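Spelled out, the chains give:
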Amino acid sequence: MLKVRNLKLGYDNVPVIFDVSLDVKEKEVVSIVGSNGAGKSTILRGLSGLIKPMAGTIEFMGENINKIPAHKLVEMGIAHVPEGRQLFGKLTVRENLMMGAYVLKDEATKKDALDQVYALFPRLKERESQPAETFSGGEQQMLAIARGLMSRPKLLMIDEMSLGLAPVLVDKVMDSLKVIRTTGITVLIVEQKVKEALELADRGYVLASGRILQTGTSAELLESDIVKKAYLGM
Ligand SMILES: Nc1ncnc2c1ncn2[C@@H]1O[C@H](COP(=O)(O)OP(=O)(O)O)[C@@H](O)[C@H]1O
Ligand SMILES: [Mg+2]
């Protein structure tokens, strides 16, 4: 579904991602893990078209998308749940969700998307008229993920869903992802919480200073010396 080769990304012509290659196959859950500043968010910004490659190629569903603008990529099926959630606090849950559906053409399709998201997350339906800001951090993250689903993506990319959450809430949010897995949607997550993210995923990539250090199945990475030593404190 996604094929990235020798990708170079940066800001103001200063590269921060060097020669990154990765693949995500249909229905997989893949994690990119790494410390703060490794370049995880930058990769997602590149894949969602918010910043353009300095070199390399990004293919989605067999098409080179290097030059396709971000809003078109949403229409093509790439959804990006950004770091820090970016919800509209004064707007209701329902209004926030509908923002995610802006690429859908007609009202009936939007209504269908909303019903599907509510079926996955009944708690959001119960509280659809409440302002987003009245939610806890964990619930807000669930809402941000649900908003990402509203565009009916083929590929859902989630940036740092555990950020700023207490450990019990991290588990809750990770549970939301288990719910999403049941729909067969393809998911790419980037995370600092290396253990949790790998436990959820089928495969992973370890990113450090803008380069891929290691890749493998989640089980392989969790057992690898680099991961154990640098990220799991073992
Ligand atoms: N908007 C920006 N402008 C300039 N440099 C940035 C910007 N965003 C991130 N960077 C730099 O790019 C590098 C990677 O950052 P980032 O992708 O945010 O890492 P991560 O998400 O893994 O914490 C860091 O050195 C960071 O300072
Ligand atoms: Mg980040």
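Read on for an overview of the structure. (Residues numbered from 1 in each chain as written. Chains lettered and ligands numbered in written order. Predicted model: local features only at pLDDT ≥ 70, side-chain atom pairs only at ≥ 80, totals over all residues. Heavy atoms only, no water.)

### With respect to the overall build of the chain
- The helix and strand tally for the chain stands at 10 helices and 10 strands.
- Taken over the C-alpha trace, the chain has a radius of gyration of 17 Å; the compact-globule value for 234 residues is 17 Å, and the two agree within 12%.
- Considering only C-alpha atoms, the chain reaches an extent of 45 × 40 × 30 Å along its principal axes.
- Within the chain, buried positions represent 49% of all 234 residues. (Helix = DSSP H or I, 4+ residues; strand = E, 2+ residues; numbered from the N terminus. Rg over C-alpha atoms; globule rule 2.2 N^0.38 Å. Buried < 20%, exposed > 50% of the residue type's maximum accessible area, 1.4 Å probe, protein only.)

### Quick look at the sheet that holds strand E10 (residues 211–217)
- One open sheet accounts for 6 strands, arranged E6-E7-E8-E3-E9-E10; its pairing is mixed. Looking along the sheet, the strands with just one partner apiece sit at the ends: strand E6 (78–81) and E10. Ignoring which end each strand starts from, the neighbouring axes of this sheet average 15 degrees apart.
- As judged from the 5 bridges shared by strand E7 (residues 155–159) and strand E8 (residues 186–191), these two strands associate in the parallel manner. What sits directly across from Leu155, in E8, is Thr186.
- Of the strands in this sheet, strand E3 (29–33), E7 and E8 are in contact with helix H7 (residues 167–181), which crosses E8 at around 160 degrees. (Pairing = 2+ DSSP bridges. Axes fitted to C-alpha atoms, helices over the stretch in contact; angles between N-to-C directions. Contact = heavy atoms within 4.5 Å.)

### Overview of the coordination of the magnesium ion (ligand 2)
- Surrounding the magnesium ion (ligand 2) are the protein donor atoms Ser41 (OG) and Glu83 (OE), at 2.0 Å. Here Ser41, found in helix H1 (residues 40–47), pairs with Glu83, found in the loop between E6 and helix H3 (93–99); they are 42 residues apart in sequence, far enough to count as distant.
- Relative accessible area serves as the criterion here: at 32%, Glu83 is assigned to the partly exposed category. (Donors = N, O, S within 2.8 Å, 3.2 Å for Na, K, Ca; no water.)

### What about the sheet that holds strand E2 (residues 14–24)?
- One open sheet holds the 4 strands; their spatial order is E2-E1-E4-E5, and the pairing between them is antiparallel. Bordering the open sheet on either side are E2 and strand E5 (63–64), each of which pairs with just one other strand.
- Pairing between strand E4 (residues 55–60) and E5: 2 bridges, direction antiparallel. Along E5, the bridge assignment pairs Glu59 with Asn64.
- Helix-sheet contacts for H1 involve strand E1 (2–11), E2 and E4, and the interaxial angle to E1 is about 115 degrees.

### Here we look at the site of ligand 1
- Surrounding ligand 1, one finds Tyr11, Val16, Ser35, Asn36, Gly37, Ala38, Gly39, Lys40, Ser41, Thr42 and Arg45.
- Gly37 places a main-chain nitrogen or oxygen 2.7 Å from an oxygen atom of ligand 1.
- Within the complex, 60% of the 560 Å² of free accessible area of ligand 1 lies under protein.
- Examining the composition of the shell around ligand 1, we find that 4 residues originate from one element, H1, more than from any other.
- Counted by class, the shell around ligand 1 contains 3 nonpolar, 6 polar and 2 charged residues. (Near = heavy atom within 4 Å. Polar contact = N/O pair within 3.5 Å; in protein donor to acceptor, adjacent residues only side chain to side chain. Areas by Shrake-Rupley, 256 points an atom, 1.4 Å probe, with all protein chains shown as cover. Nonpolar A, V, L, I, M, F, W, Y, C, P; charged D, E, K, R; others polar.)

### Topic: the pattern of salt bridges
- Here the structure, examined in full by the defined rule, presents 15 salt bridges.
- We note a salt bridge from Glu126 to Arg123, for which the minimum N-O separation is 3.8 Å. In this pair, Glu126 and Arg123 are both assigned in helix H5 (residues 122–126), 3 residues apart and thus about one turn of the helix distant.
- Residue classification places Arg123 among the partly exposed residues on the basis of a relative accessible area of 39%.
- Glu139 is paired through a salt bridge with Arg123; the nearest N and O atoms lie 3.0 Å apart. On the criterion of sequence distance, the pair formed by Glu139 in helix H6 (residues 137–149) and Arg123 in helix H5 is long-range, its members being 16 residues apart. (Salt bridge = Lys/Arg side-chain N within 4 Å of Asp/Glu carboxyl O.)

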